[in-house]
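Structural characterization, general
Next come the chains, spelled out residue by residue.
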Amino acid sequence: MPLIKEQLMIPRVLCIGGKEGEPNYPGSMVKTGEILTHCTGITNGRYYESKDGHLIHLPLNFPNCFKPLPWWYGRTVDEMPLYLKFIDDGKTEFVLKVEKYLFHKDTTEYWAFEYLWENEPDVKRMALSGWKPADLTDYMEYQKQNDP
C-alpha cells in the first residue's frame, strides 16, 4: 500500500561509516546500513529513531556517521506514491500520475518512473530527482488549473 505524501517526506538518515550490519562505532546500538526516521513530539525534533527504537540525538551533526536520505531511498515499489509533483521556485510545475516505477542499481541506487503525457500514445520515463510525492487532490487541482 502506498505511503501518503506526508509519511514519505518525514526526514530520514542512513547510518554510514562502518561495516554493513555492524555497530557504527563502539557502544553504538545502531548498525551501519540502518535507516533512522525523524521523531517529533516530546523529543522536540532533535532525535531520529531506528526500527529497533534506538534514539540518536542530532545525527546530522555527525556527517561521518549519518547522511540525509532522499525521500525515495530504501522504499519498496509498494510504498511509492501514485502521483508525483515537480516544484520549481516554490511553484508546482507538473503533477503526474505514475504508471510504473523502475528501480535502478549500478554505481548508485535510484528510482525512475513511467508516465503518460497528455494525449501522446507512448509512455515517457524520467528519474525521480527533483520530484516530490503528491496525491489525488494535488493531481486534480493541477488538472483543473491547466485545463484549456
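Just above sits the structure.
Rules and cut-offs
- Here the residue numbers are simple positions, counted from 1 along each chain's written sequence.
- Restriction of local features to residues with pLDDT of at least 70 applies here, the model being predicted, together with a cutoff of 80 or more for giving and counting side-chain atom pairs; totals for whole chains, interfaces and linings are based on all residues.
- Working from all heavy atoms in the structure, the side-chain values ignore hydrogens and water.
- When DSSP locates at least two bridges between a pair of strands, those strands are taken to pair.
- For helices the rule is a DSSP run of H or I covering at least 4 residues; for strands it is a run of E covering at least 2, with both sets numbered from the N terminus onward.
- Angles shown run from 0 to 180 degrees and are taken between the N-to-C directions of axes, each axis being a line fitted to C-alpha atoms and, for helices, limited to the stretch in contact.
- Throughout this description, the term nonpolar core refers to a set of buried Ala, Val, Leu, Ile, Met, Phe, Trp, Tyr and Cys residues connected via side-chain atoms within 4.5 Å.
- Think of it in three bands: with a 1.4 Å probe and only protein chains considered, a residue is buried below 20% of the maximum accessible area for its type, exposed above 50%, and partly exposed in between.
- Contacts were defined at the residue level, with two residues in contact if any of their heavy atoms lie within 4.5 Å.
- Any Lys or Arg side-chain nitrogen found within 4 Å of a carboxyl oxygen on Asp or Glu counts as a salt bridge.

Comments concerning the sheet that holds strand 2 (residues 35-38)
The strand order across the open sheet formed by 5 strands is 4-3-2-1-5, and the pairing between neighbours is antiparallel. What marks the edges here is a single partner per strand, and that holds for strand 4 (55-57) and strand 5 (66-68). Recorded for the sheet is a direction-independent mean angle of 35° between the axes of neighbouring strands. Note: strand 2 against strand 3 (residues 47-49), 2 bridges, orientation antiparallel. Looking at the pairing, threonine 37 lines up with glutamate 49 of strand 3.

Let's talk about the nonpolar core
Membership of the largest hydrophobic core comes to 13 residues, with the highest contact counts inside it found for Trp71, Met80, Leu84, Tyr101, Phe113 and Leu128. Only strand 7 (91-105) and strand 8 (109-116) provide two or more residues apiece to this core. Non-local contacts of methionine 80, meaning those with residues more than four positions away in its chain, are made with Pro2, Trp71, Trp72, Arg75, Tyr101, Trp111 and Leu128. Formed by 8 residues, the second largest nonpolar core is a distinct cluster that contains Val13, Leu36, Tyr48 and Phe66.

Regarding the pattern of salt bridges
Pairing is possible between side chains that carry opposite charge, provided their charged atoms lie close to one another. Scanning all chains against the criterion turns up 3 salt bridges. A salt bridge links lysine 5 to aspartate 135; the nearest nitrogen and oxygen atoms lie 3.5 Å apart. Here lysine 5 is found in helix 1 (residues 5-8), whereas its partner aspartate 135 is found in the loop between strand 10 (131-134) and helix 2 (136-145), with 130 residues between them in sequence. For lysine 5, a relative accessible area of 19% translates into the label buried. In this structure, the salt-bridge partner of lysine 5 is aspartate 138, at a minimum N-O distance of 2.8 Å. Within this pair, whereas lysine 5 is found in helix 1, its partner aspartate 138 is found in helix 2, the two being separated by 133 residues in sequence.

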